[in-house]
Structure formats: C-alpha cells, structure tokens
Amino acid sequence: MEREVQILELKQNVFEANKVNADTVRADSQAKKQLMINVMSSPGSGKTTTLVRTIKDLQPDIRVAVMECDIDASVDAETIAKAGARSIQLHTGGMCHMDAQMTQQGLDQMGTDDLDLIFIENVGNLVCPAEFDTGAALNITILSVPEGDDKPAKYPLVYEVSDLVLINKIDALPVFDFRKDYVESCIHELNPDAKIIYVSSKTGEGFEEWTNWLKEKVAAVKAGQVLTGRMIEILAAEAH
Ligand SMILES: Nc1nc2c(ncn2[C@@H]2O[C@H](COP(=O)(O)OP(=O)(O)OP(=O)(O)O)[C@@H](O)[C@H]2O)c(=O)[nH]1
Ligand SMILES: [Mg+2]
Ligand SMILES: [Zn+2]
C-alpha cells in the first residue's frame, strides 16, 4: 500500500513568525517616534566606518544608537561606543543574519529611551539578511567599490529590498574598474525607486547628501509619519 507523504513548510513558518515579531518591533518604535534602519552589506564594505562618521555628523542634534550583530567578537560595538553613541553587541549564536526576535532582545537589553535613530549593523552577508524583516522601518545596503560593480546582478534580493544604496569607498575609484552607469542601471532595474548615494567614509565625500536624507527621515518620524520601506511592501505583497 502506498503511503502518504507529509510536507512541512518550515521556512514558511519561520517567515510568518518573524513577520509578527517584526510588526511588533515596528509598532513600538513608531509609538516612541524613533526611526530604525537596518544596514546590510558584505563583510568589510564599511558599515562600521560609515556609522562612526554618521554618528559624528548627526550627534548631538540626533541621538543615535547602534546594535552591532556579529557571530562573534565585540570590536564593532567598542568602535561605536568610542565614537560616542550608545551601542550593544549582539552575538547571533552562529546565525548569519538578524531576525526580529533578536532585534527585540537587543532593544530590551540596550534600552531605547532618549533615542531618535537606531541602526542595526546586520551580519556581513549579502544573502539571507535580505530575507528577514528585522522590524526596521527602512533598509539600506552598502556596496563598496573594491567589491565590484557586478554585485547587484549577483545578489539581487538585497538591492530589491533596500530603500537606499550607499556606494562606499569612492576614494578608491581610480584604482578599480567600477562602472557607475552599469551599477546604477542594475540597481534601478531591480528597484526603480532606490536612492543611490556615493560616499567615502574615509574622506567624508558625499556625507552631506547621506546625512540630509537621514535628517529628513528622522524629522518625518518625529512628525508622526509612518515610514513603510520597500522590504515591508515586498513581504506584504508576497503574503497575499
Ligand atoms: N579607502 C577606504 N577604506 C574604507 C572606507 N570605508 C571603510 N574602509 C575600510 O574598510 C575596512 C572595513 O571597514 P569596516 O567599517 O570595518 O567594514 P564593515 O562592513 O563594518 O565590516 P564587518 O563588520 O566585518 O562586516 C576598514 O579597513 C576601513 O578602514 C572608505 O570609504 N574608503
Ligand atoms: Mg562592522
Ligand atoms: Zn542567515
């Protein structure tokens, strides 16, 4: 007699549970009029360096905190603390991405009083962080010049779900074959509304445009506006 085969969609359950947690995290930050931004990129593209310069440019007018997520070590959280912002190091227990439950635990431990802007520095990885809603309102990706201009073509999802792409290390443009037109067309093909800003976290070039974008978003949240980033829209559309 033939036996019936059972199928359990584990991945589906994981995403559904995460969505509930992410919505709770987002509702809390909306109630507190705090903006949370998830920063994704491959290892070494300059997430921490970018955040350090950003903190220095924004504080004290905008009160910033960073949740650093890594598999191990605490160097990034120490670097952020030295830059004068509240920070916490989260160890993901071997996981290569953040999820909303981890965000909640991090926020509870760090404390969120007296903050305007909270960054999540996600684990350096261009693949699964793009699949998990952390509960942040907005998502950004950093692509650094030395990684190559083919990354949007090879890792499309992270660019699809991002509201903004920072192209970092532009001070290195003279020594790399990096086609700006090509990278822009690849990103816009995936995500026509993605904002692209060129920066160097080493020299500060481009930072005015980046920090103005942040100031605008923080002001919108303070004014009670609910920001709905691309990732939230895409996940909601998939759920229907
Ligand atoms: N030339 C140049 N170097 C940069 C720039 N931004 C970052 N770097 C360097 O790139 C290296 C990696 O920078 P990090 O900020 O640690 O990168 P990260 O993305 O936080 O790395 P992980 O947390 O390990 O994923 C460091 O040596 C930085 O000094 C830049 O704009 N120009
Ligand atoms: Mg880092
Ligand atoms: Zn992962």
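Structure: see above.
The shown structure was predicted, so the numbers you read here are calculated from the model rather than taken from an experiment. (Residues numbered from 1 in each chain as written. Chains lettered and ligands numbered in written order. Predicted model: local features only at pLDDT ≥ 70, side-chain atom pairs only at ≥ 80, totals over all residues.)

Draft legend 1. Representation of the packing of helix α1 (residues 10-31) against helix α4 (residues 100-110) within the structure. Close contact between α1 and α4 brings their axes to 8 Å; oriented N to C, the two are set at 35 degrees. Judged by residue contacts, N18, N21, A22 and V25 of α1 engage A100, Q101, T103 and Q104 from α4. Of the residues belonging to the contact of α1 with α4, the class tally is 3 nonpolar, 5 polar and no charged. (Axes fitted to C-alpha atoms, helices over the stretch in contact; angles between N-to-C directions. Helix = DSSP H or I, 4+ residues; strand = E, 2+ residues; numbered from the N terminus. Contact = placed C-beta atoms within 7 Å. Nonpolar A, V, L, I, M, F, W, Y, C, P; charged D, E, K, R; others polar.)

Draft legend 2. Looking closely at the site of ligand 1. Taken together, 17 residues lie near ligand 1, and G46, K47, T48, T49 and G124 sit nearest. With 3 residues, the single largest contributor to the shell around ligand 1 is helix α2 (residues 47-58). Split into classes, the residues belonging to the shell around ligand 1 amount to 2 nonpolar, 10 polar and 5 charged. (Near = placed C-beta within 6 Å.)

Draft legend 3. Spatial organisation of the nonpolar core. If you look at the biggest cluster of nonpolar residues, it comprises 54 residues, and the most contacted ones within it are I37, V66, L117, F119, I120, V165 and L166. Apart from the residues lying within four places of it in its own chain, the contact partners of F119 are I37, V39, L51 and V66. (Core = buried A, V, L, I, M, F, W, Y, C linked by C-beta atoms within 7 Å. Buried ≥ 20, exposed ≤ 12 C-beta atoms within 10 Å, placed from the backbone.)

Draft legend 4. Spatial organisation of the sheet that holds strand β6 (residues 164-168). The 7 strands are arranged β3-β2-β4-β1-β5-β6-β7 in an open sheet whose pairing can be described as parallel. Two strands in the sheet have a free side with no partner beyond their single neighbour: β3 (86-91) and β7 (195-198). The mean angle between the axes of side-by-side strands here comes to 20 degrees, regardless of whether they run parallel or antiparallel. One ladder, built from 6 bridges, connects strand β2 (residues 64-70) with β3; its direction is parallel. The residue of β3 that forms the bridge with A65 is R86. Against the sheet, α2 makes contact with β1 (35-40), β2, β4 (117-121), β5 (138-144) and β6, and its axis sits at roughly 170 degrees relative to β4, the strand it touches most. (Pairing = 2+ DSSP bridges.)

Draft legend 5. Just the environment of T79, in detail. Within the secondary structure, T79 sits in helix α3 (residues 75-82). Overall, the presence of 16 C-beta atoms within 10 Å leaves T79 in the partly exposed class. Sequence-wise, T79 and V52 are 27 residues apart; in three dimensions their C-alpha atoms are separated by 7.7 Å.

Geometric values such as these leave the question of function open.
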